[in-house]
Amino acid sequence: YFEVEKDPNRAFVVDVNEMLHIHVLGTKFNVQSYKDEVETKIALTDGSILITDVAGTDIQCHMQVQDEFIYNRETKAYQLRSNPDISNQIAWIHNEFIFKDTPMVEVFKQLSHHFNVDIVIQDALIQNYKFTGKFKNKRLDHILDYIKATSPIRIQQEDLQSEQHAYLEQEKIYIYNN
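Residues numbered from 1 in each chain as written. Predicted model: local features only at pLDDT ≥ 70, side-chain atom pairs only at ≥ 80, totals over all residues. Heavy atoms only, no water.

(A) Examining the packing of helix H2 (residues 104–115) against helix H3 (residues 140–150) more closely. For the pair H2 and H3, the least separation of the axes is 11 Å and the interaxial angle reads 170 degrees. What the angle tells us is that H2 and H3 run roughly antiparallel. Crossing hand, H2 versus H3: left-handed. Residues Met-104, Val-107, Phe-108, Leu-111 and Phe-115 of H2 touch H3, and the partners they reach there are Leu-140, Ile-143, Leu-144 and Ile-147. (Axes fitted to C-alpha atoms, helices over the stretch in contact; angles between N-to-C directions. Helix = DSSP H or I, 4+ residues; strand = E, 2+ residues; numbered from the N terminus. Parallel < 35°, antiparallel > 145°, perpendicular 65-115°, else oblique. Left-handed = near helix turned anticlockwise from the far one by under 90°. Contact = heavy atoms within 4.5 Å.)

Following this line, the structure appears as structure tokens:
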């Protein structure tokens, strides 16, 4: 999440995965771009920004407040959505998660990124599940306990303390269908 004050004498450019540039003059926006995900999402909450591709030839997209820019790194296609509900994308800023009929795979992806854990779904049936819930200032174990109590899943956490060099590894959490 970026909050950038306007300074006409200095350009502020965010380089996203060596594919996109975000040109900023004074604004607030969120960038969601992970190497293990195909899509990059940019949500603008204040001001305006210009998005270009690195070469500056294929993409020139001006975003306004409440716009969402979605870029597919594989196809190099993008779409600009005006006035979508971006509250769930920026909720993490306030240590909050908002899930509204969200695919369970996406729920676990967000938790994995936010809490820096490796969540591994062990049953393809779980991909069909959706989840709705809102959490504010909750630890990962509390969120997982709630999901487990309201969904037909079972959760197993790997005990890293017994492993050699555990400090180098991410904690693993395995998700099974009940």
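Let's pick the thread back up.
(B) Representation of the sheet that holds strand E11 (residues 118–121) in the model. One open sheet accounts for three strands, arranged E11-E14-E13; its pairing is mixed. Pairing within the sheet leaves two strands with one partner each, and these edge strands are E11 and strand E13 (153–157). The mean angle between the axes of side-by-side strands here comes to 20 degrees, regardless of whether they run parallel or antiparallel. Set on the sheet, H3 makes contact with E13 and strand E14 (172–177); between it and E13 the angle comes to about 150 degrees. (Pairing = 2+ DSSP bridges.)

(C) Fine view of H2. An ideal rise of 1.5 Å per residue puts 16 Å on 12 residues; H2 measures up with 16 Å between its terminal C-alpha atoms. Each element contacted by the buried residues of H2 is listed here: strand E10 (96–103), E11, strand E12 (130–136), H3, E13 and E14. Phi turns positive one or two residues past the end of H2, at Asn-116, with a value near 55 degrees. (Expected span 1.5 Å × (residues − 1).)

(D) Quick peek at a nonpolar patch on the surface. Taken together, the side chains of Tyr-1, Trp-92 and Ile-93 make up a nonpolar region of the molecular surface, amounting to roughly 240 Å² of accessible area. Along the chain, Trp-92 falls in the loop between helix H1 (87–90) and E10. Trp-92 gets classed as partly exposed once you look at its relative accessible area, which sits at 36%. (Patch = residues over 30% accessible without salt bridge, like charges linked within 9 Å, V, L, I, M, F, W, Y side chains within 5 Å. Areas by Shrake-Rupley, 256 points an atom, 1.4 Å probe, with all protein chains shown as cover. Salt bridge = Lys/Arg side-chain N within 4 Å of Asp/Glu carboxyl O. Buried < 20%, exposed > 50% of the residue type's maximum accessible area, 1.4 Å probe, protein only.)

(E) Region of interest: the pairing of strand E3 (residues 20–24). A large share of E3 lies buried, amounting to four of its five residues. Here strand E2 (residues 12–16) runs beside E3; their pairing, made up of five bridges, is antiparallel. Among the inter-strand pairings, Phe-12 is bridged to a residue of E3, identified as Val-24. Linking two consecutive strands that pair antiparallel, namely E2 and E3, is a turn of three residues; a positive phi of about 50 degrees is found at Asn-17 within it. Relative to strand E6 (residues 49–53), E3 runs antiparallel, the two sharing five bridges. Paired with His-21 across the two strands is Thr-52, which belongs to E6.

(F) Representation of the layout of surface pockets in the model. Roughly 570 Å³ of internal volume is contained in the largest pocket. Contributing to the lining of the largest pocket are 25 residues, with Gln-32, Asn-88, Gln-89, Glu-106 and Gln-110 lying nearest its centre. Elements that contribute at least two residues to the lining of the largest pocket include exactly strand E4 (27–32), strand E8 (67–72), H1, E10 and H2. Among the elements that line the lining of the largest pocket, the one with the most residues is E10, at six residues. For the lining of the largest pocket, the class distribution of residues is seven nonpolar, eight polar and 10 charged. A volume near 220 Å³ is recorded for the second largest pocket. In terms of lining, the second largest pocket is formed by Asp-36, Val-105, Phe-108, Lys-109, Ser-112, His-113, Asn-116, Val-117, Asp-118, Ile-119, Ile-121 and Gln-170. Of all the secondary structure elements, the ones that give two or more residues to the lining of the second largest pocket are H2 and E11. Per-element accounting of the lining of the second largest pocket gives the leading share, five residues, to H2. Taken together, the residues of the lining of the second largest pocket break down into five nonpolar, four polar and three charged. (1 Å grid on protein atoms, 1.4 Å probe; cavity = no way out; pocket = protein on both sides within 12 Å on 5 of 7 lines; lining within 4 Å. Points joined across faces, edges and corners; volume = space filled by probe spheres on them. Nonpolar A, V, L, I, M, F, W, Y, C, P; charged D, E, K, R; others polar.)

Read these as layout, nothing more, since geometry by itself doesn't imply function.
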